[in-house]
Structures are given as C-alpha cells and as structure tokens.
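Survey of secondary and tertiary structure
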Amino acid sequence: MAGIEEARLEDVPLEWDTPLFHQARVQFEQALPYAAIAPAVAERLRYPERGVMISVPVRLDDGSTTVFPAYRVQHSSVLGPTKGGVRYDPEVTLGECAALAVWMTWKCALLRLPYGGAKGGVRCNPKELSSAELQRLTRRFTSELLPIIGPQEDIPAPDMATNEQTMAWMMDTYSMQKGYAVPEIVTGKPIALGGSLFRHEATGAGVVMVTERACERLGTPLAEQRCVVQGFGNVGGIAATELVAKGATVLAVSDVSGGVHAEEGLDVAAMHEWVRGRGSLAEYPHGDKISNAELLELPCDVLVLAAREDQVTAENAARVEARLVAEGANGPTTVEADEILAERGIVVLPDILTNAGGVTVSYFEWVQDLGRLFWTRDEIRAKLAEKMADAFDRVWELAREREISLRAASLVVAIREVAAAIEARGLYP
Ligand code: NAD
C-alpha cells in the first residue's frame, strides 16, 4: 500500500480505528482522485455522522443479569434514512460497524436507493443464548435504540446471526412503543408482518444478474460458463440455483464443512435437499470431496465468493484459476489480493455492486410497507433486474472510460452520488 495513504490515515480517531475501517478508508482515498469531489465534501464523508455505544442489560434464563456492549453507527443521512443490518457476534466493535456503515452508504448510493449507510451489532455469542434470551436481548437493544431509529431515520435489517425472527421482535418492540403497527421500521421481516416476496432470494439472484451482464459484456454467455460457488447459505445457495437455471454448469460448491466437486456438474437441487435434511454438505454422497482452499483454486470461468470476508488473500490470489470473480460476500477479496488478480487479468465484480440485491429488495419492502400496497414476486424480480442492470452499466462504462477496476469505478460512481447531494444541500447552518 502506498505510503501517502498510510500517512492520510493517521487522522483516524481511535474509536473507529479497526482493520476493517482502515480497509474502507484506503478504498475511499484510492477512489477520490477519480471522483474529483470538493475536498470539504470528501472530508464530510471520511467519518460516520454518528456512532453510539450502548450497554444492554439482559436477564439470563438462570436469573442472573449480563450487560452486553452494543453499537449502532450511521455514516451518512444526506440522501435519506440510514439503512443497515444488525449483527450478533462476539467480535463486533464500533470500528467494524463504522466500516460496514460506510460500505452501506456506497452500496445504497450506487443502486440509487434514497438511503445512507448504517450498521449495528451486539457483542455476544448468539450460540450460547437461548431463544428467550435472544428475544429479551433484541427487545432491550431495540428500546435503547429508540431515540435514533425510525422509518424516516434509520431502518435496521438482519445481518450475521440475526434473521426474520429478530426483525419481528424489533418491529413489535418499536410498534408497542408507538401504539400501532409500524412494519416499515425494519426490513427482512416475515411476510406475515409486511416482509417482501423475493427478499430471501434477492441477494443470490442479484449476484447472478450482475454476473450474467458481465459475461455478456465479455462476450462469454453465462449459459456456457463453468462456475464454482464458495458458501451454500442464503447468498451462495440461491446463486448456485440461479446459475443452473440460466444454463451454466456448477462444478463445485462448498460450505463451512468443505466442498464437493464434479467436473460434469453438480445436482444443485439435490444438494439443497440434502442440506435441508442434514444441516450441511458434510457426508454429501455424490461428487469428490475437496477442501475450501482447493475449491478456490479450481480451474473455472466464474468463481462466486459467497461465504465470508478475507477468502482470496495475498497468499492464494496467484493460484485462483477463474476468469471472473463475483463477490457475493462482503469483503471476500483483500486489498492485496485485488491487486494480484488485476495483474493477472482476472475481472472482479465488487461486493458493493454484486451483492446489492438484498438491500435493493429491502428498499422495495420499505416502499411497499409505507404504501401498504404489495407487489408480486415477478414484479419485484423485474424491478430488481432493472436496478442491478442500471448500476452495472454505469460502473462498467466508467471503468472502461477511466481504465480503472470495477471496484474503483463502483466507489467512484457511489461517492459522486453522495457528494452531489451534499453539494446541493450545503452545510448547515
Ligand atoms: P449464510 O450464513 O446463510 O451462509 C454462509 C455460507 O458460507 C454457509 O453455507 C456457511 O457454511 C459457509 N461458510 C462459512 N464459512 C465458510 C468458509 N470458511 N468456507 C466456505 N464456506 C463457508 O450467510 P449469507 O447470508 O449467505 O451471507 C454470506 C455473505 O454474503 C456474508 O459475507 C454476508 O455479509 C454477505 N451478504 C449477505 C446478504 C444477504 O442478503 N444474506 C446481503 C449482502 C451480503
């Protein structure tokens, strides 16, 4: 990494200073020269507008009380309410939430959603908490957030170890305070509470929409591509199904238990069936067993990274044999690996573009809740496809015009959107 950026990052206040925030700042500083925005506007985008630290007391099932540290960071409210997930994780920090909030700002701006970015979390080990404890934790955390969340202020969503049920508890807690149902306070809710059709499939389907468009531009139709998918959860599992539906061959997939490989192509529907019954791909009886490290290095056309952060690194990037890497996960390619892949001519479809289907359908959910008018699955799929294609085209054109990576172009497009709004609003007072 160039020394100039390191020097510029010395100003990072201690509270935000984590490796992940550092990564988000380096990306921002690298994109700035291309974004060409006013220095005063750039300065306003470097740090979150607001970050709160909360101590959440929870009565455990054994009658004792534990206080959990919790956070919510709102990066930019210039375009509208802030939007972002809530994670329950033993490692979560204010600085990590800050980085994730920054990325949410860019993701929303890139998709032209009228939102800024936010992220929150509770530092806990969700695996050690009962469902009743998780419910009390969620309700108390939501109560503590009341002064800073709202359908026009900040709209939470699920993230690591939180799900539809967590959102239902948040919605209920908020609604009980108001005295009437407020479904638009969270997204990723159960359908019964105003959740959106196609939200569950949105991120994985969006990954494939972006991949298909990139393949078209590269003159290599998706139906002819041989694909490898890391991660077989919400994003990877749906992406694998969508790839097969488009006629592509999925020759390997993996989850945390390891991978399965078959050169002639896997029966993805049968694998879903297996995972539904057994919980993981371990012991899946067909294909060859491979490790996750081997999976990343398989010769293929498209590698979909849909597991977690830091998977392609300086250590293994030189051995990646794909032509196209699609980032379904957040931050799966490190800054160093990005450079190695670029030198080797491997095209990376960046996370803030590629996995934006989830937040886009979250936006559709909020719009439907506010309007009390619900759309069909096909309508939502079509609206998502339109938004993903529009964002992809703007990024692709800028990348070609300025001869920069798709990641840099995504950031530049997003930063310009937010900067234009800041310029137009001016500085209060
Ligand atoms: P998930 O928990 O449903 O699935 C994760 C999958 O990855 C599981 O199959 C798990 O076994 C597997 N996995 C975990 N560690 C692994 C490893 N080291 N090697 C191989 N596989 C591993 O989670 P998800 O919702 O699919 O999210 C995956 C990624 O996508 C995360 O980075 C998340 O932040 C990102 N993302 C998710 C959404 C969404 O709407 N779900 C939206 C945007 C981004």
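Just so you know, these numbers come straight off a predicted model, no measurement behind them.

Bringing the overall build of the protein chain into the picture now. Each helix and strand in the protein chain was counted, giving 15 helices and 12 strands. In summary, the protein chain has a C-alpha radius of gyration of 21 Å against a globular reference of 22 Å for 429 residues, a match within 12%. Once the C-alpha set of the protein chain is aligned to its principal axes, its extents read approximately 55 × 55 × 40 Å. Expressed as a percentage of the 429 residues in the protein chain, the buried residues total 58%. Sequence separation of 24 or more characterises 67% of the internal contacts of the protein chain that already satisfy a separation of 6 or more. Surface exposure of the protein chain reaches about 17,900 Å², of which carbon and sulfur atoms provide 52%.

Right, let's talk about the sheet that holds strand β11 (residues 324-327) for a bit. The pairing of strands in a sheet comes from backbone hydrogen bonds and takes either a parallel or an antiparallel form. Strand order in the open sheet formed by seven strands is β9-β8-β7-β6-β10-β11-β12, with mixed pairing between adjacent strands. Every interior strand has two partners, whereas the edge strands, β9 (288-290) and β12 (347-349), have only one. In this sheet, neighbouring strand axes are inclined to one another by 20° on average, regardless of whether the strands run parallel or antiparallel. Bridge count between strand β8 (residues 258-261) and β9: three bridges; the pairing is antiparallel. Pairing of His261 across the sheet is with Asp288, part of β9.

A word on the side chain of Arg25. Looking at where Arg25 falls in the secondary structure, it is placed in helix α2 (residues 19-35). The buried category is assigned to Arg25, whose relative accessible area is 2%. Polar contacts involving the side chain of Arg25 include one to the side chain of Tyr47, which spans 2.7 Å.

Here we take up the pattern of salt bridges. In total, this model carries 30 salt bridges according to the counting rule given. For the salt bridge of Arg46 with Glu43, the shortest nitrogen-to-oxygen distance reads 2.6 Å. The shortest N-O distance in the salt bridge between Arg377 and Glu201 comes to 2.7 Å. Here Glu201 lies in helix α7 (residues 199-218) and Arg377 lies in helix α14 (residues 377-402), a separation of 176 residues in the sequence. Residue Arg377 is classed as partly exposed on the basis of its relative accessible area, which comes to 40%. On the basis of relative accessible area, Glu201 is assigned to the buried category, the value being 17%.

Counted under the stated rule, the structure contains 10 aromatic pairs. By way of ring pairs, the aromatic residues Tyr115, Tyr363, Phe364, Trp366 and Trp375 are connected into one cluster. The ring centre of Trp274 lies 3.9 Å from the NZ or CZ of Arg278, which sits over that ring. The ring of Trp396 has Arg400 sitting right over it, with the charged end atom 4.4 Å from the ring centre.

The domain architecture assigned to the protein chain consists of domain 1 (48-179) and domain 2 (201-354). The centre of domain 1, based on its C-alpha atoms, is set 29 Å off from the matching centre of domain 2. Listed by partner, the interface residues are five residues for domain 1 and four residues for domain 2. A combined buried area of about 470 Å² lies between domain 1 and domain 2, and 67% of that area is made up of carbon and sulfur atoms. When the buried surface of domain 1 facing domain 2 is broken down by residue, Trp103, Lys107 and Leu110 rank first, second and third, together holding 66% of it. If you look at where domain 1 meets domain 2, you find zero salt bridges.

Calculation rules
Within any chain, residue numbers begin from 1 and follow the written order of that chain's sequence. Restriction of local features to residues with pLDDT of at least 70 applies here, the model being predicted, together with a cutoff of 80 or more for giving and counting side-chain atom pairs; totals for whole chains, interfaces and linings are based on all residues. With hydrogens and water stripped out, all remaining heavy atoms of the structure feed into the side-chain values. The helix count covers DSSP runs of H or I at least four residues long, the strand count covers runs of E at least two residues long, and both are numbered beginning at the N terminus. Our radius of gyration is a C-alpha quantity, and the globule rule it is checked against amounts to 2.2 Å times the number of residues to the power 0.38. Accessibility here uses a 1.4 Å probe with only protein chains present; expressed as a share of the type maximum, an area under 20% marks a residue as buried, one over 50% as exposed, and anything in between as partly exposed. Residue contacts are counted whenever heavy atoms from the two residues lie within 4.5 Å of one another. Working definition of accessibility: Shrake-Rupley area with a 1.4 Å probe, residue cover restricted to the visible protein chains. Two strands are said to pair when DSSP picks up at least two bridges between them. Whenever a helix is involved, its axis is fitted only over the stretch in contact; in every case the axis is a line through C-alpha atoms, and angles between N-to-C directions fall within 0 to 180 degrees. As used in this structure description, the phrase polar contact means that two N or O atoms lie within 3.5 Å; if the pair is within protein, one of them must be able to donate a hydrogen and the other to accept it, and residues adjacent in sequence are counted only when both atoms belong to side chains. Whenever a carboxyl oxygen of Asp or Glu lies within 4 Å of a side-chain nitrogen of Lys or Arg, that contact is scored as a salt bridge. Within 6.5 Å between ring centres, the rings of Phe, Tyr and Trp (the latter by its six-membered ring) count as paired, and their orientation is classed by plane angle as stacked under 30 degrees, edge-to-face over 60, tilted in between. Two conditions define a charge located above a ring, namely a distance within 6 Å from the ring centre to NZ of Lys or CZ of Arg, and an angle within 35 degrees of the ring normal. A domain assignment, automatic or from a database, supplies the domain bounds used here. Defined in terms of a 1.4 Å probe, buried area is the accessible area two parts forfeit on being brought together, summed over both.

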